[in-house]
Amino acid sequence: MEKKILLNEKDIPTQWYNIVADMPNKPLPPLHPGTKQPISGEDLAPLFPMDLIQQEVSAERYIDIPEEVRDAYRIWRPTPLIRATELEKALGTNCKIYYKYEGTSPSGSHKPNTAIPQAYYNKKAGVKRIITETGAGQWGTALSFACAHFGIDCEVYMVRISFNQKPYRKILMNTFGAKVYASPSTNTQAGRNALEANPDTPGSLGLAISEAIEIAAGDEDTKYSLGSVLNHVLLHQTIIGQEAKKQLEYTGDYPDVIIAPLGGGSNFAGLSFPFIKDKIAGKEVRCIAVEPASCPKLTKGKFMYDFGDTQGYTPLLPMYTLGHTFTPAAIHAGGLRYHGASVLCSQLLKDGLIEASAIQQLECFEAGVLFAKAEGIVPAPEANHGIAQVIREVNRAKEEGVSKTILFNLCGHGFVDMAAYQDYFDGKLVNHSFTDEELTTAIKDIEALQPQ
Ligand SMILES: *Cc1c(COP(=O)(O)O)cnc(C)c1O
């Protein structure tokens, strides 16, 4: 048995997989907030280059990956699939546990899988500057790297709590040549409004998105870029699952359970969608998206039309949401502090093709530390949510007296998140739940937005 299953560069997928082609219920269209009519590609043109808009609305099953993008993917892909033999021993389980390790990328997570094609298509369209937001800093780092690779300017609005918690992320982005601002900032109306309402706000991804969109919409040479949620982002990430499938073919295994953390849904989609294709065709496989109990849109949110950002600049998206004005607790898994889930993941959850689980941060860090001691890799706090769910599934298999094959996404390493681990060791991290009343306040605000 091999510990690591490695592919060759020629095995890097040549196409992205678009699950829309196979979904039994197609996703509902994004709506214009004023007219409540489906938006057209042209409505998005001030923000995104046309190639990405076409991917956003495409129903083609496979979309070719440009040669320049595959060439850049070779910097770190294919990523290894690793059998978690040491974790299996530590847990005393006869389950087979595999993880796809996306932390081998230049920025340490799965995010460059979409940052590279997004920067490429912007460059091709003659865009000079890309503006984006970042939570924990993973996305901002990935886009900074991708912009450096293709020669485009990059500016990043970083959620203030993470800006303060993770100074090294900012320096990494600066190293790749990007400008970084704490969000809310005084550069935008959205930021100034938020600071006026609450000068001490920790910020949120939804708010940082508003800031980035506001600037991009007001400048011809500048486009906006999003690191999760949108269909084209999830599309780009499907190279993860396609590689994992090939790697598991080599071992002769097929997963019973697939697990990944979900912030907006991109790494979960990336690993699971190529397998959900099989599930739709009749194969049995459970796919579990794991969210923080302190930002429980999948397990406690509502499936409704809502804005993707706090200010209401985006189209209305049909998704599981806690309401765009919801500010998640200031937990360390910054990448999971987002009020909504991608349209594609939301529809699949509604249709019972995927499952959701919410876990408190102490259980997640305990799982992450156990994993680090066993396998030697310190996971990103977001990834710890997946590992905690893996342990739950192992315990469940033990109770049922069965052996399962479990595949999870180790979507990033935690080397730039050590302050979070320090807080955990110092006993400063607490579990956080919202009351049902707290969870309905922001949802009430969006009832009026629903189409008739
Ligand atoms: C961004 C990020 C997430 C959450 O985003 P998804 O789009 O749901 O994948 C999770 N883990 C890491 C390491 C991230 O960088």
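Note that the coordinates shown come from a computational prediction; the quantities given were computed from them, not determined experimentally.

> Help me out: how do you make sense of the domain arrangement of the protein in this one?
Interface size, as often reported, equals the accessible area lost upon joining of the parts. Once the domains are mapped, the protein shows domain 1 (14–65 + 110–231) and domain 2 (76–108 + 240–449). Between the C-alpha centres of domain 1 and domain 2 the distance comes to 21 Å. Taken together, the contact pairs 54 residues of domain 1 with 55 residues of domain 2. Summing the contributions of domain 1 and of domain 2, the shared interface buries around 4,500 Å²; its carbon and sulfur component is 64%. Contact with domain 2 buries area across many residues of domain 1, yet Ile19, His110 and Val229 alone supply 15% of it, more than any other trio. Across the salt bridge formed by Asp417 and Lys166, the nearest N and O atoms sit 2.8 Å from each other. Linking domain 1 with domain 2 are 17 residue pairs in polar contact (both at pLDDT 80 or more), by the criterion used here. Elements represented by at least two residues in the side of domain 1 that touches domain 2 include exactly strand S2 (15–17), helix H5 (112–124), helix H6 (138–150), helix H7 (160–165), helix H8 (167–175), helix H9 (189–197) and helix H10 (205–217). For the side of domain 1 that touches domain 2, the element with the most residues is H10, which contributes seven residues. Each residue belonging to the side of domain 1 that touches domain 2 can be placed in one class, and the counts come to 31 nonpolar, 16 polar and seven charged.

> Please clarify how the pattern of salt bridges should be interpreted in this entry.
Proximity of charged atoms lets side chains of opposite charge pair with each other. Scanning all chains against the criterion turns up 21 salt bridges. The salt bridge partner of Arg74 is Glu9, with a shortest N-O separation of 2.8 Å. Here Glu9 lies in the loop between strand S1 (4–5) and S2 and Arg74 lies in the loop between helix H3 (67–73) and strand S4 (81–83), a separation of 65 residues in the sequence. According to the relative accessible area criterion, Arg74 is partly exposed, its value standing at 40%. The partner of Glu393 in a salt bridge is Arg286, and the shortest N-O contact between them spans 2.9 Å. With Glu393 in helix H17 (residues 381–400) and Arg286 in strand S11 (residues 286–292), the pair connects residues that are 107 residues apart, well separated along the chain.

> Whenever I open this one, the UniProt feature "modified residue: N6-(pyridoxal phosphate)lysine" (unreviewed entry) in the protein confuses me. Can you help?
In this numbering, the UniProt entry assigns the feature "modified residue: N6-(pyridoxal phosphate)lysine" (unreviewed entry) to Lys111. Its relative accessible area of 14% is what places Lys111 among the buried residues. Aside from chain neighbours lying at most four places away, what touches Lys111 is Gln138, Trp139, Ala142, Gly227 and Gln237.

> Any chance you could explain the layout of surface pockets here in plain terms?
Once rolled over the atoms, a probe with the size of a water molecule shows which space is left empty. Its boundaries defined by the atoms lining it, the largest pocket holds a volume of some 730 Å³. Along the wall of the largest pocket there are 38 residues; nearest its centre are Pro30, Ile39, Leu44, Pro315 and Leu317. For the lining of the largest pocket, the secondary-structure elements that each account for two or more residues are helix H1 (41–44), helix H2 (50–57), H10 and helix H11 (231–237). Split by residue class, the lining of the largest pocket holds 27 nonpolar, eight polar and three charged. A domain split of the lining of the largest pocket shows at least three residues from each of domain 1 (14–65 + 110–231) and domain 2 (76–108 + 240–449). Estimated volume of the second largest pocket: approximately 200 Å³. For the second largest pocket, the lining is made up of 16 residues, of which Ala194, Thr201, Leu207, Thr310 and Thr327 are closest to its centre. Counting residues per element, the lining of the second largest pocket draws most heavily on H9, which supplies four residues.

Criteria and thresholds
- Residues numbered from 1 in each chain as written.
- Predicted model: local features only at pLDDT ≥ 70, side-chain atom pairs only at ≥ 80, totals over all residues.
- Heavy atoms only, no water.
- Domains from an automatic or database assignment.
- Contact = heavy atoms within 4.5 Å.
- Buried area = accessible area lost by both parts, 1.4 Å probe.
- Salt bridge = Lys/Arg side-chain N within 4 Å of Asp/Glu carboxyl O.
- Polar contact = N/O pair within 3.5 Å; in protein donor to acceptor, adjacent residues only side chain to side chain.
- Helix = DSSP H or I, 4+ residues; strand = E, 2+ residues; numbered from the N terminus.
- Nonpolar A, V, L, I, M, F, W, Y, C, P; charged D, E, K, R; others polar.
- Buried < 20%, exposed > 50% of the residue type's maximum accessible area, 1.4 Å probe, protein only.
- UniProt positions renumbered as here; feature names shortened; annotations may be inferred.
- 1 Å grid on protein atoms, 1.4 Å probe; cavity = no way out; pocket = protein on both sides within 12 Å on 5 of 7 lines; lining within 4 Å.
- Points joined across faces, edges and corners; volume = space filled by probe spheres on them.

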